[in-house]
Amino acid sequence: MIIKPPRIAIFASGSGSNAESLIINSKKNKIYQVVCLICDQPEAKVIQRAENLKIPVEVIIQSENENKTEYEDRLLKSMAKYGVEWVVLAGFMKILSQHFLGYFYDKILGQNRVINIHPSLLPLHRGLRGYEKSYTDKSDFAGCTIHFVDSGIDTGQIIDQKVFAKIKNEDFKSFKERGLKIENEFFPEVLEKLIAHKIKLGNFHDNK
Ligand code: GRF
């Protein structure tokens, strides 16, 4: 039986190293198909990266007189247009509400098919500046987390984590570069496994 690769939208707001890695992987392995990139920042570097890889880009900016639901309705319209089945957040700087997330509810999974990558070992260091907080904490380890998205800030169920050791006297720039490189490899790997049902959920502590 041939199973069609699920149709994925990537949402991003910034540089887009993860988006690029996810797209390259999709073209190589064909386990999932990236059908569009959604960006809420007109100047973001990720736009060029996606265009270079021939992925349709939609820049969808929340206008001043538009509330969250109205904005999310526009996002949902794009999702319908591209027949999106999974949403992958890769540095997307907006919090999505249940109005948007509920559209992707998967009864079998018991989750919304919306996932995110966060640059810390959740539940540590939620929210902004994950690398800064991990760099300065007292632990010998840092890492990244891939999790389902709920309407909180980095509170959804953890899917998988990658730990890396801190190096004595390493400066912040090198620490972050190392972390990001790990993210770029880990994210497509986990997404592929998730789609192929090769990940046992529930291995991690509660993320609430
Ligand atoms: C990554 O560190 C990711 O974990 C966080 O935002 C950053 C995005 O980086 N959510 P990039 O735009 O993919 O390079």
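As a convention, each chain's residues are numbered from 1 in the sequence order in which they are written. The predicted nature of this model means local features are confined to residues of pLDDT at least 70 and side-chain atom pairs, given and counted, to a pLDDT of 80 or more, with totals for whole chains, interfaces and linings taken over all residues. Side-chain figures throughout are based on the complete set of non-hydrogen atoms in the structure, without hydrogens or water.

A. Just the packing of aromatic side chains, in detail. The rule is short: rings of Phe, Tyr and Trp, with Trp giving its six-membered ring, pair when the centres are within 6.5 Å, and they are stacked under 30 degrees, edge-to-face over 60, tilted in between. Inspection of every chain in the model, using the stated rule, returns nine aromatic pairs. Measuring from ring centre to ring centre gives 5.2 Å for Phe11 and Phe92, while their planes differ by 75 degrees; the resulting arrangement is edge-to-face. Of this pair, Phe11 sits in strand E1 (residues 7-12) while Phe92 sits in the loop between strand E4 (86-89) and helix H4 (98-101); the two residues are 81 residues apart in sequence, bridging distant segments of the chain. Summarising the burial analysis for this pair, Phe11 and Phe92 share the class buried. Summarising the aromatic geometry, the rings of Tyr135 and Phe175 are spaced 5.2 Å apart at their centres and angled 50 degrees between planes, so their arrangement reads as tilted. With a gap of 40 residues between them, Tyr135 in helix H5 (residues 130-136) and Phe175 in helix H6 (residues 172-195) connect regions that are remote in the sequence. The buried category is assigned to Phe175, whose relative accessible area is 1%. Ring-pair connections join several aromatic residues into one group, and the members of that group are Phe11, Phe92, Phe100, Tyr103 and Phe104. Helix and strand labels come from DSSP, where a helix needs a run of H or I of at least four residues and a strand needs a run of E of at least two; each type is numbered from the N terminus. Burial here depends on accessible area, computed with a 1.4 Å probe over protein chains only, as a share of the maximum for the residue type. Under 20% is buried, over 50% is exposed, and the range in between is partly exposed.

B. How the structure looks around the site of the ligand. Around the ligand, the structure places Ser15, Gly16, Ser17, Asn18, Gly91, Ile117, His118, Pro119, Tyr131, Leu180 and Glu183. In the model, an oxygen atom of the ligand is placed 2.9 Å from a nitrogen or oxygen of the Asn18 main chain. As used in this structure description, the phrase polar contact means that two N or O atoms lie within 3.5 Å; if the pair is within protein, one of them must be able to donate a hydrogen and the other to accept it, and residues adjacent in sequence are counted only when both atoms belong to side chains. Contact distances for the ligand include 3.0 Å between a nitrogen atom and a backbone N or O atom of Ile117. In this description, accessible areas are obtained by the Shrake-Rupley approach with a 1.4 Å probe, and a residue is regarded as covered only by the protein chains that are shown. The fraction of the free accessible surface of the ligand (370 Å²) that becomes covered by protein chains is 83%. Taken together, the residues of the shell around the ligand break down into four nonpolar, six polar and one charged. Near residues are defined by distance, with any heavy atom within 4 Å of the molecule or strand qualifying the residue. Any residue that is not Ala, Val, Leu, Ile, Met, Phe, Trp, Tyr, Cys, Pro, Asp, Glu, Lys or Arg is counted as polar, Gly included; the first ten are nonpolar and the last four charged.

On their own, these measurements won't tell you what the molecule is for.
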